[in-house]
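Take a look at the letters that make up each chain.
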Amino acid sequence: MTGDVHRHRVGVTRLGPLPHGYVHGDFQERNWLLDTGPGRLAVVDLERARPHAVVFDMVLLACGPWVGRPDLRAAFFEGYGRELTDKEERSLRCLSALDAASTISWGVPHHDPEIVERGRATLARLERGDPG
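Quick caveat, the model's predicted, so the values are computed rather than measured.

Chemist: A description of the nonpolar core should follow, citing residues and the corresponding values.
Modeler: Counting residues in each nonpolar core, the largest one holds 14 residues, and the members touching the most others are Val-55, Met-58, Val-59, Trp-66, Phe-77, Leu-84 and Leu-92. Here the element with the most residues in this core is helix 2 (residues 59-62); it accounts for 3 residues. In terms of nonpolar packing, the next biggest core, distinct from the first, is built from 5 residues, Ala-97, Ala-100, Leu-123 and Leu-126 among them.

What follows is the structure, given as structure tokens:
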């Protein structure tokens, strides 16, 4: 799996420019406030917000709630207004591998087996060729 991470690290540097925007930096459910009445979403916890490739905010979704739930992924992109380009899909895979390595390297010394397993599961999915 180490070779897979290295391949993705090199791969992301070869993709070239990606669509940029202002990203949240920690876009996941714990930072969402959903008003189900009008169906509005607000996000909190903005200390990691910055200009970046917009696909970056999809990494935690691809490694979390979208796993085994293509319906959630489809619903996200319906609301987003477009699917990812092939280049963005490749970058999502590369960024997911790097996130997995980071997750494992943080989780092991902090004795967080749940987060380590999430990283290992992401690498296993990528190795199988599954989305994310």
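Chemist: How would you sum up the layout of surface pockets? Please name residues and give values.
Modeler: In this model, the largest pocket occupies a volume close to 590 Å³. Surrounding the largest pocket, 23 residues form its lining, Gln-28, Leu-60, Asp-99, Thr-103 and Arg-118 being those nearest its centre. For the lining of the largest pocket, the elements supplying multiple residues, two or more each, are helix 2, helix 4 (86-107) and helix 5 (113-128). Partitioned by chemical class, the residues of the lining of the largest pocket number 9 nonpolar, 5 polar and 9 charged.

Chemist: Tell me about the environment of Ala-97, residues and numbers included.
Modeler: Within the secondary structure layout, Ala-97 lies in helix 4. Taking the relative accessible area as the measure of exposure, Ala-97 reaches 0% and is therefore buried. C-alpha separation for the pair Ala-97 and Arg-120, spaced 23 residues apart in sequence, amounts to 9.6 Å.

The rules behind these values
Residues numbered from 1 in each chain as written. Predicted model: local features only at pLDDT ≥ 70, side-chain atom pairs only at ≥ 80, totals over all residues. Heavy atoms only, no water. Core = buried A, V, L, I, M, F, W, Y, C linked by side-chain atoms within 4.5 Å. Buried < 20%, exposed > 50% of the residue type's maximum accessible area, 1.4 Å probe, protein only. Helix = DSSP H or I, 4+ residues; strand = E, 2+ residues; numbered from the N terminus. 1 Å grid on protein atoms, 1.4 Å probe; cavity = no way out; pocket = protein on both sides within 12 Å on 5 of 7 lines; lining within 4 Å. Points joined across faces, edges and corners; volume = space filled by probe spheres on them. Nonpolar A, V, L, I, M, F, W, Y, C, P; charged D, E, K, R; others polar.

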